[in-house]
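# Working through the structure, step by step
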Amino acid sequence: MAVIRDMIPPCELFQPASIGDALNLLDQYGDDSWVLAGGLDSFDWFKDRIKRPEAIVDLGGIEELTGIRADGDGLVIGPMTSLTEVATHPDIVGRFGLLAQAAAEVATPQIRNQGTLGGNLAQDTRCWYYRGGWPCYRAGGNICYASAPKAMNAEHCVFGASRCVAVNPSDTAPATIALDAQMVVTNSSGETVYDAEDFFIGPGIDIERMTVMEPGDLLTSIRIPGTWAGADFYFEKIRDRQSWDFSLVTVASAIRASGGTIQDARISVNGVAPYPMRLDEAERAVIGQAASDDTGIAAGDIAIRRAQPLRHNAYKLPLMKNLVRRAVRAEV
Amino acid sequence: MAEKAIGRDIAPPDLRAKITGRARYAEDFRAEGMLFAKLLLSPMPHCSVRRIDASAALAMEGVVDILTADDPMMPEITGVGAEAALTNEPLYEGEPVLAVAAVDETTAANAIEAIRVDFEPLPFVVDPLDSLRPGGPNARLDGNIQWREGQTREIREFKWTDADFDAAGPDRLPMGEPQVEWNVGDVGDGFADADLVLEETILHQSLSHHPMEPRTCMAYWQNDKLYLHASTQSTARTHAALANRLGLDQSQVVLVAEYCGGGFGSKISGAPINDVAAILSRKTGRPVMLRINRYEETYIGRARPGFQSFAKMGFRNDGRVTAIDLYIVQDAGSYGSSGDFNTAGTVASLSYQPESMRFRAVSVYTNTPPRSAQRAPGGAQIVAMLEPIMDKAARELGVDRLAIRRVNAPGPDGWLGANQGSLSSCFAREALDIGAEVFGWEEKTQLSGTRRGTKSIGVGIGVSPFVGGSRGMDGLLVIRPDGKLYIHQGIGNLGTHSIADTARAAADVLGMDWNDCEVVWGDTSRNLPWSSSQSGSQTTHAHTRANHAAALDAKAKLQEIAAGALGGSPDAYDCADGRVFQSSNPGRGMSFADAARRAIEMGGRYSGQELPDDLNPMTVASATNLAGEGLMGVARDNYGGDGSIWSWVMGFAQVEVDVETGQVDLTEYTGVTDCGTVLHPRSLGAQIHGGSVQGFGQARSQKWVFDPQWGVAFAKRFYTARPPGILDVPLEMKWAAVDLPDPQTPVGAKGIGEPPVGAGAAAVASAVADALGGQCLCRTPLTTDVVLAALTGTEQPYRPLETHV
Amino acid sequence: MELWRRAANPWNQDVLIGISFDLMWAALIAGVVFVTAHALWVRRLATANGHGDDAPAPPGLPMRILRHTFSARAFHWLMAIAMFALLVTAFFPWAGIQFPWVTIHWLAGVLLILTVIYHIIHSTFWQDFWSMWVGKEDVETAKREVKRFFGKEQPEGPKAAKYPLDHKMYHHVIVVVTFAAVLTGVLMMFRVDTWFWERNPYILSDAMWGVVYVVHGLSGVALISLVIAHIYFAIRPEKLWITKSMFSGFVNRKDYLEHHDPERWAGDSPRGQLPEQT
């Protein structure tokens, strides 16, 4: 069969108005269904005819999946809330600025208007071997092309490789981990709540998925607890160009300090592993320490300790180290 | 008298249509019964088609026909290494193999998916050096280079020896027998005279053109005449090339191409793929639309050839270049005969006027997409490669970096190339001086290497000359009885405003108010004259001249008509404001409208019944069609002139490099040009800035990546190829022009499209090197990983000669 | 049911990438069907012709006869652990139970290889290597078994040497299947990160890789059926004495005499003697 790219084949589009209807559709079509949020990831797949779902379930018409509301001292964000709204909503900007900043760094204004928080969190990897439709592990095959001796893997992972060496490209994912967010996943048998760091999975667990969500599951809300409201946040995304580019390495951190001493910290990075990583060891290393460059350097060293670079991506080590260092130092 | 049109900001006539969306590009046309075609692309970098099974596709409802390379209606494309629109031996992944026409595009696409092609993989190569190795693979069955000797051209196998490779080691350019060599003076002496000799291995990657509009085309036939809507830079030249490819008489082809969404050298005279729409339409007897999508465009849309090279330069203590020894291995891609490497040698000689120079090169075919000219072909590469070496020399010699450019830049007596040719004019030093002032070089250079937080500041200069004109084209205009001046342009509307701006020369000669001028362009049924191709920045120079000549012809005719009617000698008459009148008594004269009526009555040469005999046949045909419609000005540009015509842009950039992340922010940019007389300031600024932005991408972010195992491309989407976005462009961008006329051309104007690219690229590459403390990374692009590895002293992500990464 | 999994490689060539997941279920079902059928058949047989053995014991025969030395038992159980780990890590994810299995799988594979190497050396130089050989008597026994199966009265015997024929047959099938799995598995370790070498998925052509994956897959699913059968026999009441011996090392005199021909056993023994006595 010859290959056609850049042209969506005809398919069936469903636009349910409620979560219940959406779940029914997902159950009905099972593996042949596809959940469509903003479409920025999905349409690439459809256009290239690599993923050819039978039924596309567009969540755009489900009002209950949109919006930002207070929940105790935290927030509940509907996954279909646009990234622009996440980036500009006063409650998010004011109290959970980390997430607003992360959302503001996504792609371009147009993409942020169309793209959703849920879609950004649940997006697939951008490994170009995989995206090229090559039959790699992640695509159900039995090979990783990106880790071959001469492969082009400057943008691949330095941690967490398990056959697959792709990275998670989400800008908002590390922010949700740093904010200790929870993801509410709903399917026809009920609701499950995951901590953000457990929501994202690596290829060791399931090589064909980026998150715990399986066919039939919907991300129905993102809960941001009040724990880190108003903490000192640091977010930085490094990329080759300033718009419409995925990160090489991203860091997101939330730190509470008093009297120059770090009381508590959560640090997460993305672009270095097939999942956004929480840096528990680095966190432990900085708690109780002065929020200084030295602490930052020490944390950075710890953070990259077990990294295993591929042929072209050793630069991610100093980059990640320095970003962690800056996240900690930003306190100064 | 009407204000001169030259030198003013006047909105071009296509502006409203473009802004409001009324402008119709090739894809916007529809015709009764139109079919849509889709292409089947080769999945392999080199293979041959063993068998095509299209039975399932042809049985699908709505599928009308198929076109393969074997189709007897396909034109035979001759010429060494020439490229047909469809092939049975694809030479790169993505090369079109066949096309299917169906009632709609979805059906056509589904039909393509239903076709089974049995491809036999053939040996392939993506790195030119691999092909030069003894026993290395050839990109073509018959060899790996195009050998040229006099008029002979042939594909040959060209290999170096193991000793050549062993002598160089893995990270220095092996320099076996060259395909081309020229010498000026003796480089041995030049290096002996030098106080400082620098030697670098430099890699410049290949780059896709990425025009916004893909090369979509739509064709239909009426009786025996082909109507083609296409995206092309040129009109007259594309018309001629198309007729030639299809074996048609030019009168059998109507090309409609009023707008072009960017070409940058990739659409100079159309595109091979136009054949597919034309032939499928002839075969099916129905109009055929072949929409090219972004994916296809990246494959068939051409690319700039990459270089793997060695440069050795000798300097005297004052920075004067005593010798340049340059060896370039060019990645020639799968098709095309890009002369980038030759131009690179010429540009190096022109920029630095070395006392001696040796140039050697070999251009090697690879199984990667076809190469063609890209905005300053060869020039943009070489200045981005050599300018950081100039900086390094300045640093080591303790010479100011502006001064080292100045001391080497040519004056009007400068020379270039193997034959040490002369220049029509040159105000390079003046441009440097203005640039230094506008940019504030004195103060900025003090910032070099200073820190702002974690950011290290660097400033850089890019000296970038490129060809800026040609001579000998035709001009054609008509003053009609409505009193308006109709300037017919055979040049294409490639987005530079030159269709309008070069017409200003005619308006000013005739003293015509620009509002009374109409530009006729973009449709060969509208009687267009023979023109230069819209490449090599020829147009401004060539067609201000041609229009000037045609206007002088018209003016002479006006004077004769007026003198005949009103008495006195023709010389006593002048033209202004739509009238021809006695200079001594402006009240005595006649309107152009009256003169046009008289010209029609008089016939003969006045209204185009008789034509000069040195016109191109295309101009003759157009003028003949227009004959009798008004007073015709028609002439070939016979102004002549000495020396080759070159324009310059001096780029000045300031960057901030974050020493902890390798992130480069371009904070300021100034481009200053010597392109002769300024025709249209706003448009000139757009050219300088727009071209420079392309250069920023070339230097910084734009990628071209292949998997070496499979020879398959990765950077084929905008987000993976990473041409610069608007946020990569500094908020503050300035431009200026020397604005001194080239004395050898009547209007004084030279082209400007190309030199800004190299200026932007070189200024940024130099500024990054400066921010790194004078470290020349000697490769493009300077992506974050490369810069960070240099900053942290860790291993570079790529070997120095590793290409397509 | 699909037999193979195929994919389009980067050049859009159709390549074999492995066996169909369906085959796992097929092997599982085949194993269960065999076990059920056998159980039913044995029950019928048992009611038809039960028999005892009252042959006189050779003089000096101890109460317990050593059947499996400690090292042989250690080998068996280590191999069993490896095999279980391999099967679980291979097939649970196929069945939808996801967990990080790759490292355990190849480590278990390495353990299996080590036990196999140990076993080859041990059985060649220290054990009764020929005891696994299928001899003339075994063929005779087989013939009689078959005839008996079809309802023909057959005389008893000859009794087994150290290992009965079904054990020998099972052993040889396991040898073939395990070798296939191990050899292909070692090649497949070039496709993942291990301690031994740099990953390189291009050491073989796509077509060869297809064969490797299919052989590995087929041997893998075959092992599902074989292991089911093995466990089934191990827990069958009339075979429990053998299973016990795989724990303790010994068979008792009664079972020994009932199932084995001491002469032949001795013949298998490397020193041509009766089994060790305790």
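These figures come from a predicted structure and were not determined experimentally.

Conventions and cut-offs
Residues numbered from 1 in each chain as written. Chains lettered and ligands numbered in written order. Predicted model: local features only at pLDDT ≥ 70, side-chain atom pairs only at ≥ 80, totals over all residues. Heavy atoms only, no water. Helix = DSSP H or I, 4+ residues; strand = E, 2+ residues; numbered from the N terminus. Rg over C-alpha atoms; globule rule 2.2 N^0.38 Å. Buried < 20%, exposed > 50% of the residue type's maximum accessible area, 1.4 Å probe, protein only. Contact = heavy atoms within 4.5 Å. Lys, Arg positive; Asp, Glu negative; His and termini not counted. Charge placed at Lys NZ, Arg CZ, Asp CG, Glu CD. Axes fitted to C-alpha atoms, helices over the stretch in contact; angles between N-to-C directions. Left-handed = near helix turned anticlockwise from the far one by under 90°. Nonpolar A, V, L, I, M, F, W, Y, C, P; charged D, E, K, R; others polar. Pairing = 2+ DSSP bridges. Buried area = accessible area lost by both parts, 1.4 Å probe. Salt bridge = Lys/Arg side-chain N within 4 Å of Asp/Glu carboxyl O. Polar contact = N/O pair within 3.5 Å; in protein donor to acceptor, adjacent residues only side chain to side chain. Parallel < 35°, antiparallel > 145°, perpendicular 65-115°, else oblique. Phe/Tyr/Trp six-rings, centres within 6.5 Å; stacked < 30°, edge-to-face > 60°. Lys NZ or Arg CZ within 6 Å of the ring centre and 35° of its normal. Arc of directions from axis to C-beta. Domains from an automatic or database assignment. Right-handed = clockwise from strand over helix to strand, strands pointing away. Disulfide = S-S within 2.5 Å.

### Considerations on the overall build of chain B
- Counting secondary structure elements, chain B contains 23 helices and 33 strands.
- For chain B, whose C-alpha radius of gyration is 27 Å, the value lies close to the compact-globule estimate of 28 Å for 805 residues.
- When the backbone C-alpha atoms are referred to their principal axes, chain B occupies close to 85 × 70 × 50 Å.
- Looking at chain B residue by residue over its 805 residues, the buried ones come to 67%.
- Residue pairs in contact within chain B that sit at least 24 positions apart in sequence constitute 78% of those at least 6 positions apart.
- Taking the average location of the 71 positive side-chain charges in chain B and that of its 98 negative ones, the two points are 3 Å from each other.

### Some words on the packing of helix H5 (residues 165–188) of chain C against helix H6 (residues 206–235) of chain C
Residues and elements named next belong to chain C.
- Closest axis-to-axis distance for the H5/H6 pair is 8 Å, and the angle between their directions is 145 degrees. Of the two possible hands of crossing, H5 and H6 adopt the one that is left-handed. Counting all contacts with H5, which are made through Tyr170, Val173, Ile174, Val177, Thr178, Ala180, Ala181, Thr184, Gly185, Leu187 and Met188, the residues of H6 involved are Trp209, Val212, Tyr213, Val215, His216, Ser219, Ala222, Leu223, Leu226, Val227 and His230.
- Looking at the contact of H5 with H6 residue by residue, the class counts come to 16 nonpolar, 6 polar and no charged.

### Focus: the sheet that holds strand E3 (residues 55–58) of chain A
Residues and elements named next belong to chain A.
- Overall, parallel pairing links the 3 strands, which are arranged E1-E3-E2 in an open sheet. Every other strand in the sheet has two partners, leaving strand E1 (12–14) and strand E2 (33–36) as the edge strands with one partner each. Averaged over all neighbouring strand pairs, the angle between strand axes comes to 25 degrees, with direction disregarded.
- Each of E1, E2 and E3 touches helix H1 (residues 19–29); the most contacted strand, E3, lies at about 165 degrees to it.

### Some points on the interface of chain C and chain A
- The interface of chain C with chain A comprises 20 residues on the first partner and 23 residues on the second.
- When chain C packs against chain A, close to 1,700 Å² is buried across both sides, 55% of that on carbon and sulfur atoms.
- Where chain C meets chain A, there are 0 salt bridges.
- The interface formed by chain C and chain A holds 8 residue pairs in polar contact (both at pLDDT 80 or more) in total.
- For the side of chain C that touches chain A, the leading source of residues is strand E1 (residues 4–8) of chain C, giving 3 residues.
- When its residues are assigned to classes, the side of chain C that touches chain A shows 12 nonpolar, 4 polar and 4 charged.

### Re the interface of chain B and chain A
- Counting residues at the interface gives 51 residues for chain B and 45 residues for chain A.
- In total, chain B and chain A occlude about 4,200 Å² of area from one another, counting both sides; carbon and sulfur atoms represent 55% of this.
- On the chain B side of the interface with chain A, the three residues burying the most area are Glu113, Glu660 and Tyr719 of chain B, jointly 19% of the side's total.
- The tally of links between chain B and chain A comes to 12 salt bridges.

### So, the sheet that holds strand E9 (residues 232–238) of chain A
All names here are of chain A.
- With respect to topology, 4 strands assemble into an open sheet ordered E9-E10-E11-E12, the strand pairing being antiparallel. Strands with a single pairing partner mark the edges of an open sheet, and in this sheet they are E9 and strand E12 (277–278).
- Lying over the sheet, helix H13 (residues 316–329) contacts E9, strand E10 (249–258) and strand E11 (261–270), oriented at roughly 25 degrees with respect to E10.

### Topic: the side chain of His209 of chain B
Residue and element names in this part refer to chain B.
- By the element assignment, His209 lies in the loop between strand E10 (207–208) and strand E11 (217–222).
- On the basis of relative accessibility, which here comes to 4%, the residue His209 falls in the buried class.
- Within polar-contact distance, the side chain of His209 engages the backbone nitrogen of Ala303 at 3.3 Å.
- At 2.7 Å, the side chain of His209 and the backbone oxygen of Ala373 are in polar contact.

### What about the packing of helix H2 (residues 70–94) of chain C against helix H7 (residues 240–248) of chain C?
Residues and elements named next belong to chain C.
- Following both chains from N to C, one finds H2 and H7 inclined at 105 degrees, their axes separated by 8 Å at the closest point. Here H2 is positioned roughly perpendicular relative to H7, judged by the angle of their axes. For the pair H2 and H7, the contacting residues are Arg73, His76 and Trp77 in the first and Ser245, Met246, Phe247 and Ser248 in the second.
- For the contact of H2 with H7, the per-class residue count stands at 3 nonpolar, 3 polar and 1 charged.

### Some words on the packing of aromatic side chains
- In the structure shown here, the tally under the stated rule is 43 aromatic pairs over all chains.
- Judged by centre distance (5.3 Å) and plane angle (70 degrees), the rings of Trp34 of chain A and Phe46 of chain A are edge-to-face. Within this pair, whereas Trp34 of chain A is found in strand E2, its partner Phe46 of chain A is found in helix H2 (residues 42–47), the two being separated by 12 residues in sequence.
- Under the relative-accessibility criterion, Trp34 of chain A is labelled buried at 19%.
- Positioned above the aromatic ring of Phe191 of chain B, the side-chain terminus of Lys312 of chain B is 4.5 Å from the ring centre.

### Remarks on the pattern of salt bridges
- Under the counting rule described, the total for this entry stands at 74 salt bridges over all chains.
- Notably, a salt bridge pairs Arg266 of chain A with Asp180 of chain A, separated by 3.5 Å at the nearest N-O pair. Of this pair, Arg266 of chain A sits in strand E11 while Asp180 of chain A sits in the loop between helix H9 (172–178) and strand E6 (182–187), and the two are 86 residues apart along the sequence.
- The exposure class of Asp180 of chain A is partly exposed, given its relative accessible area of 25%.
- Between Arg156 of chain B and Glu154 of chain B there is a salt bridge, with the nearest N and O atoms lying 2.6 Å from each other.
- Its relative accessible area of 31% is what places Arg156 of chain B among the partly exposed residues.
- A network of salt bridges, in which partner residues are shared, links Glu236, Asp293, Arg325, Arg326 and Arg329 of chain A together with Asp658 and Glu660 of chain B.

### Looking at H1 of chain A
All names here are of chain A.
- Among all positions in H1, only Ile19, Ala22, Leu23, Leu25, Leu26 and Tyr29 are buried. Angular distribution of buried residues about the axis of H1 spans 160 degrees; they occupy a single face of the element.
- Those residues of H1 that are buried are in contact with E1, E2, E3, E6 and strand E8 (218–224).
- Just beyond H1, the residue with positive phi is Gly30, at close to 50 degrees.

### Some remarks on the domain arrangement of chain A
- According to the domain assignment, chain A consists of domain 1 (1–63), domain 2 (64–122 + 167–227) and domain 3 (232–329).
- For domain 1 of chain A versus domain 3 of chain A, the distance between C-alpha centres works out to 36 Å.

### Here's the deal with the pairing of strand E18 (residues 356–365) of chain B
All names here are of chain B.
- Among the 10 residues of E18, 9 are classified as buried, and the element is accordingly described as predominantly covered.
- Judged from the 5 bridges that link them, strand E8 (residues 180–184) and E18 form a sheet pairing that is antiparallel. The residue of E18 that forms the bridge with Val180 is Ala361.
- Where strand E17 (residues 321–333) and E18 come together, 10 bridges link them in parallel fashion. Following the sheet pairing, Leu326 is matched in E18 by Phe359.
- Following the backbone out of E17, through helix H10 (residues 340–352) and into the adjacent parallel E18, one traces a crossover that is right-handed.

### Structural notes on the environment of Arg311 of chain A
- Position of Arg311 of chain A relative to the elements: it lies in the loop between helix H12 (293–303) and H13.
- The partly exposed category is assigned to Arg311 of chain A, whose relative accessible area is 39%.
- Arg311 of chain A has contacts with Pro149, Lys150, Ala151 and Asn153 of chain A together with Pro797 and Glu802 of chain B, leaving out every residue within four places of it along the chain.
- Side chain to side chain, Arg311 of chain A and His312 of chain A meet in a polar contact 2.9 Å long.
- A distance of 2.8 Å separates polar atoms of two side chains, one belonging to Arg311 of chain A and the other to Glu802 of chain B.

### Things to note about the side chain of Asp41 of chain A
Residues and elements named next belong to chain A.
- Mapped onto the fold, Asp41 is located in the loop between E2 and H2.
- You can call Asp41 buried: its relative accessible area is 14%.
- Only 2.6 Å separates the side chain of Asp41 from the side chain of Arg131, close enough to count as a polar contact.
- Setting aside anything within four residues of it in sequence, one finds Asp41 in contact with Gln123, Asp124, Arg126 and Arg131.

### Focus: the state of the cysteines
Residues and elements named next belong to chain B.
- Enumeration over the complete set of coordinates arrives at 0 disulfides over all chains.
- Among the cysteines around Cys426, which has no disulfide bond, Cys675 carries the closest sulfur, lying 13 Å off.
- Given a relative accessible area of 1%, Cys426 falls into the buried group.

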